[in-house]
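These are the residues of each chain, in order.
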Amino acid sequence: AAMLSLRADQLASAPVQAVHSGSPYLVVGRKSVDALSQIHCRHHIWERTIANFEAQNLILFALRGASTGSFAHMRVLSPAHGLPEEIVTENACG
């Protein structure tokens, strides 16, 4: 939570899971779209923790998307690839 500038109570109760689909990602749920929009990656914490994990990038999601009719909203942070956030992925999956 601290790495993403969030409080622990803003995380979903779902387990965090590492997945690999060409690139390794850590999938992390949020309780709300509001919590998702507040995320700001603290790279100095990422470098001490997730950078050494099997999945160095993050897929962050909240169910019940921000738009009417959407099921989920997500953000993709790929610091291991030098991309603070993959904006196109957010728009495509929005």
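Nothing here was measured: the structure is a model prediction, and the numbers come from that model. (Residues numbered from 1 in each chain as written. Predicted model: local features only at pLDDT ≥ 70, side-chain atom pairs only at ≥ 80, totals over all residues. Heavy atoms only, no water.)

**Observations regarding unusual backbone geometry**
Reasoning step 1: Phi is positive for S5, which is not a glycine, with a value near 60°.
Reasoning step 2: Within the secondary structure, S5 is located in the segment before β1 (17-20).
Reasoning step 3: With relative accessibility at 26%, the residue S5 sits in the partly exposed group. (Helix = DSSP H or I, 4+ residues; strand = E, 2+ residues; numbered from the N terminus. Buried < 20%, exposed > 50% of the residue type's maximum accessible area, 1.4 Å probe, protein only.)

**Focus: the environment of E86**
Reasoning step 1: You can see E86 is positioned in the loop between β4 (72-77) and α3 (87-93).
Reasoning step 2: C-alpha separation for the pair E86 and R75, spaced eleven residues apart in sequence, amounts to 7.4 Å.
Reasoning step 3: Sequence-distant contacts of E86, that is, excluding residues within four places in its chain, are made with Y25, V76 and S78. (Contact = heavy atoms within 4.5 Å.)

**Quick look at the sheet that holds β4**
Reasoning step 1: As summarised here, the arrangement of the four strands in space is β1-β2-β3-β4, forming an open sheet in which the pairing is mixed. At either margin of the open sheet sits one strand with a lone partner, and together these are β1 and β4. Each strand axis lies, on average, 25° off the axis of its neighbour in the sheet, ignoring direction.
Reasoning step 2: Alignment of strand β2 (residues 24-29) against strand β3 (residues 57-63), held across five bridges, turns out to be parallel. When the bridges of β3 are listed, Y25 appears paired with N57. (Pairing = 2+ DSSP bridges. Axes fitted to C-alpha atoms, helices over the stretch in contact; angles between N-to-C directions.)

**Comments concerning the pairing of β3**
Reasoning step 1: Note that β3 and β4 share six bridges and pair antiparallel. Looking at β4, one finds that L58 is bridged to L77.

**Brief notes about the nonpolar core**
Reasoning step 1: Ranked by size, the top nonpolar core spans 17 residues in total, and within it M3, L4, L26, I39, L58, L60 and L77 carry the most contacts.
Reasoning step 2: Contributing elements (two or more residues each) for this core: β2, α1 (33-37), α2 (43-48) and β3.
Reasoning step 3: Among the elements that line this core, the one with the most residues is β3, at three residues.
Reasoning step 4: What M3 contacts, discounting residues up to four positions off in sequence, is H40, C41, R42, I45, W46, T49, I50 and L58. (Core = buried A, V, L, I, M, F, W, Y, C linked by side-chain atoms within 4.5 Å.)

Everything listed here is a matter of geometry and, on its own, says nothing about what the molecule does.
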